[in-house]
Every structure is written in structure tokens, then in C-alpha cells.
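Residue strings, one per chain:
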Amino acid sequence: MFVHSVECRCVEHTQVNSLQKARLLWIALGLIGGFSAIELAVSVSSGSLALLAEAGHMVSDCTALAIALLATWIARWPKSEQAPFGYRRVEIVAALVNGLGLVAIALWIAWEAVERLQAPATEIVALPMLMTAVLGLVVNGINISLLHGHSHTDLNLKGAFLHMVADAIGSVGVIVAAIAVYAFGWYWADSVISLMVAAVIVAGAVPLIHQSFGILLEQTPGYLDANAVKARLESFDGILRVENFRLWAIAPGQEMLLAHCVVDVADGAVRDRLLRDAQSVLMDEFGLADVCLQMSAPVLSRVVNLSQHHVLELLAAQSTQLND
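Given the structure is predicted, the values throughout are model-derived calculations rather than measurements. (Residues numbered from 1 in each chain as written. Predicted model: local features only at pLDDT ≥ 70, side-chain atom pairs only at ≥ 80, totals over all residues. Heavy atoms only, no water.)

Participant: Would you mind going over the side chain of Arg-88 with me for this structure?
Facilitator: Residue placement: Arg-88 occurs in the loop between helix 2 (49-75) and helix 3 (89-118). A polar side-chain atom of Arg-88 sits 3.1 Å from the main-chain carbonyl oxygen of Pro-252. (Helix = DSSP H or I, 4+ residues; strand = E, 2+ residues; numbered from the N terminus. Polar contact = N/O pair within 3.5 Å; in protein donor to acceptor, adjacent residues only side chain to side chain.)

Participant: Whenever I open this one, the pattern of salt bridges confuses me. Can you help?
Facilitator: Between side chains of opposite charge, a pair can form when the charged atoms approach closely. Per the stated rule, a full pass over the model turns up six salt bridges. Between Glu-218 and Arg-89 there is a salt bridge, with its nearest N and O atoms 4.0 Å apart. Here Arg-89 lies in helix 3 and Glu-218 lies in the loop between helix 6 (188-216) and helix 7 (226-234), a separation of 129 residues in the sequence. Owing to a relative accessible area of 19%, Arg-89 belongs among the buried residues under this scheme. Its salt-bridge partner being Glu-285, residue Arg-232 comes within 3.1 Å of it at the nearest N-O pair. (Salt bridge = Lys/Arg side-chain N within 4 Å of Asp/Glu carboxyl O. Buried < 20%, exposed > 50% of the residue type's maximum accessible area, 1.4 Å probe, protein only.)

Participant: Would you mind going over the pairing of strand 2 (residues 239-251) with me for this structure?
Facilitator: Here is the key point about a regular strand: its side chains alternate between the two faces of the sheet. Where strand 2 meets strand 3 (residues 254-263), nine bridges bridge the pair, whose relative direction is antiparallel. Counted as the bridge partner of Glu-243 is His-260 from strand 3. (Pairing = 2+ DSSP bridges.)

Participant: For this particular structure, what's the right way to read a nonpolar patch on the surface?
Facilitator: A contiguous nonpolar patch, built from Val-114, Leu-117, Phe-184, Trp-186, Trp-188 and Leu-195 and spanning about 560 Å² of accessible area, is present on the exposed surface. Mapped onto the nonpolar patch, the elements with two or more residues apiece are helix 3 and helix 6. (Patch = residues over 30% accessible without salt bridge, like charges linked within 9 Å, V, L, I, M, F, W, Y side chains within 5 Å. Areas by Shrake-Rupley, 256 points an atom, 1.4 Å probe, with all protein chains shown as cover.)

Participant: In this structure, what is going on with helix 6? I would like to understand it.
Facilitator: Each α-helix winds once per 3.6 residues, and so residues spaced three or four apart point in a common direction. Spanning 29 residues, helix 6 covers 42 Å between terminal C-alpha atoms, matching the ideal 42 Å at 1.5 Å per step. Of the residues flanking the end of helix 6, it is Glu-218, one or two places downstream, whose phi is positive at about 60 degrees. (Expected span 1.5 Å × (residues − 1).)

Participant: Just to check I follow, could you spell out the packing of aromatic side chains for this structure?
Facilitator: For any pair of aromatic rings, geometry is given as the distance between the ring centres together with the angle between the planes. A complete count under the given rule lists three aromatic pairs for this structure. An angle of 85 degrees between the planes, with centres 5.4 Å apart, marks the rings of Trp-73 and Trp-77 as edge-to-face. Here Trp-77 falls in the partly exposed class, since its relative accessible area comes to 37%. Residues Trp-77 and Tyr-87 carry aromatic rings whose centres are separated by 5.3 Å and whose planes lie at 75 degrees to one another, so their mutual orientation is edge-to-face. Taken together, the residues Trp-77 in the loop between helix 2 and helix 3 and Tyr-87 in the loop between helix 2 and helix 3 connect sequence positions ten residues apart. (Phe/Tyr/Trp six-rings, centres within 6.5 Å; stacked < 30°, edge-to-face > 60°.)

Participant: What am I meant to see in the nonpolar core here?
Facilitator: As a rule of thumb, soluble globular proteins bury nonpolar side chains together. Leu-25, Ile-32, Leu-65, Leu-147 and Ile-201 are the most contacted members of the largest nonpolar core, which has 43 residues in total. Considering each element in turn, this core owes the most residues, twelve residues, to helix 5 (residues 155-184). The residues touching Leu-25, leaving out its near neighbours within four places in the chain, are Leu-65, Ala-68, Leu-69, Thr-72, Leu-147, Leu-157 and Ala-160. Residues Leu-233, Val-281, Leu-282 and Leu-288 belong to the second largest nonpolar core, which totals 23 residues. (Core = buried A, V, L, I, M, F, W, Y, C linked by side-chain atoms within 4.5 Å. Contact = heavy atoms within 4.5 Å.)

These figures come from the coordinates and say nothing about function on their own.
Following this line, the structure appears as C-alpha cells:
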């Protein structure tokens, strides 16, 4: 059996420039940090649980954005012998932390809302509550517009983006609650809307957590069809079958493929060309960042010469042992 030396080609897929990502996150952090202090003060003076929950969520958003910024900085560290794939996986950990943080915030909001429903507030100042929520919606809208464009291809930004979306939904909920309290005196609406906001936050966080866990567990990405990639590899002339097929992602945009190809090509130069062609096609058609292929000839069965007397005796002895 001959084994072709492994050749790897790495293509860096730059989803979002790290400096641009950091700039976006710093702008969002500045806006959220400044406004959260204002919203917290108004929520205490107005007595609104929905506004207090939104203020608490915005404070937690500052932490979420700080985590995303730290992960962005670490992800820029260069590759090394100890970290041959780089440090982009840190951003996946940050996305998971932010997703779990969203769930924790939603549970806290729900708990406070249930307690408020059991002991409804007797007085909520609706007008400051309404004005603050409208301003909060504007701030969140700006942050959403900043982060939305890159949130589909970057889990770290997606985690920060979902915090902004949850804030915006919370602001809308506060506006509705303020109108209900001011126009109809429905103090219970403040708590009910808080429960609805909590449910929406959880609904947005669960997919982020699921995707983050999938990458950290090195599962095949859901957006890649492993069977289609393997079939395309087996379609090349000269490749008999594909074994030890591994397809995973370090982070979105940095997908890796490792496979052993059994080939019927004896000429070394032809094998080299087949290897390069297979790597190039898989990278181009499926957007893979790194394709590592090992090529070898099929293992031939051992030929037994039955004309030799000692070979026949050995086979007879083995047959007797099996029958016993």
C-alpha cells in the first residue's frame, strides 16, 4: 500500500474585519451604557416593572457587549503551534455565554412579572415611562442597524445583535404597557407584557445556544450537507471511495474537511493533480476554508499459494481450531 503525503490548503474567510467589528461593538456599548443609566433612574421613579426590566436588560447588555469585545480581541491573536486553527472559537464561547445570559434575563423578568401579578402595583407613572421607552426604542434601533448586516455570518455579533433585538422588543412592550396604563388604567398590563417579552427573548436565544453548542461539540454544521460534500468528492475519476470523513467548523466561515480517499491512480503526478483539483472544487463549491485529504491505494488481499504443502497444512490446522 502506498500513502500520498497529506497536503492542506487553508483559505482565510474574512466574514467581518475584526477592527470594524470592534468599532461597531464599541459604538453599541456607548449608546446602551449611557441610556441604561437614564432608563434605570426613570423606572425607579415611575414604578414601572416593564421599564425596570428593560433597564436591567440594558445593563446586562453592556456586559454582553463587553464579552463580545473581549472575544473579538482574543480572536485576533495569531495562529501558533499550540493553536493551529487560531482563536476564533473563543467567539463561539462568547456567543454561548450571551445566549445563556438572555435566557437568565428572561427568567428574571418572568419571575418578577408573576410576583407583580400576585400583588399588582397601585400606581404607575405612565408618561415618563412612555417617553423613556420611545427613546430606548430609537437607541436600540440604531444598534440593530449597526449589527444586523453581519449577524448572519458571525455568532459573536449575532449574540450581541439578539440582545439589541430583545431590548427593542422590550421597549415596544413598555410603550404598549404605558399606553394601557395611561388610557385605561390597566396596571396588570405592565406585568403581562413583561411575560410576553420574556417569552420572545427565550425564543430568540434558543437557536443561538443550539448553534453555539453544535460548533463547540464539533458537529457537522447544519448549513452544510455532509452527504453532498462526500458524494462530490467520490465523483472524481480515480477516487474509489471515501473513508474517515470529518466535516466540522471552527467558527462560521471557517469550515474544515478531513478525509481519506482510496484511489486507483498509480502515477504520483496524476495523484497530485487529483488532490489539488479535489481541494479546489470543494473549497469553491461548498465554501470550505481548509480541505485536508489523504490518498492511498486500496489494500489488496493476501495471495495464498495452495500448491505449497506447508500452506495447506497451516490452513487445515486453522480450520480444525475454528471447528473446535
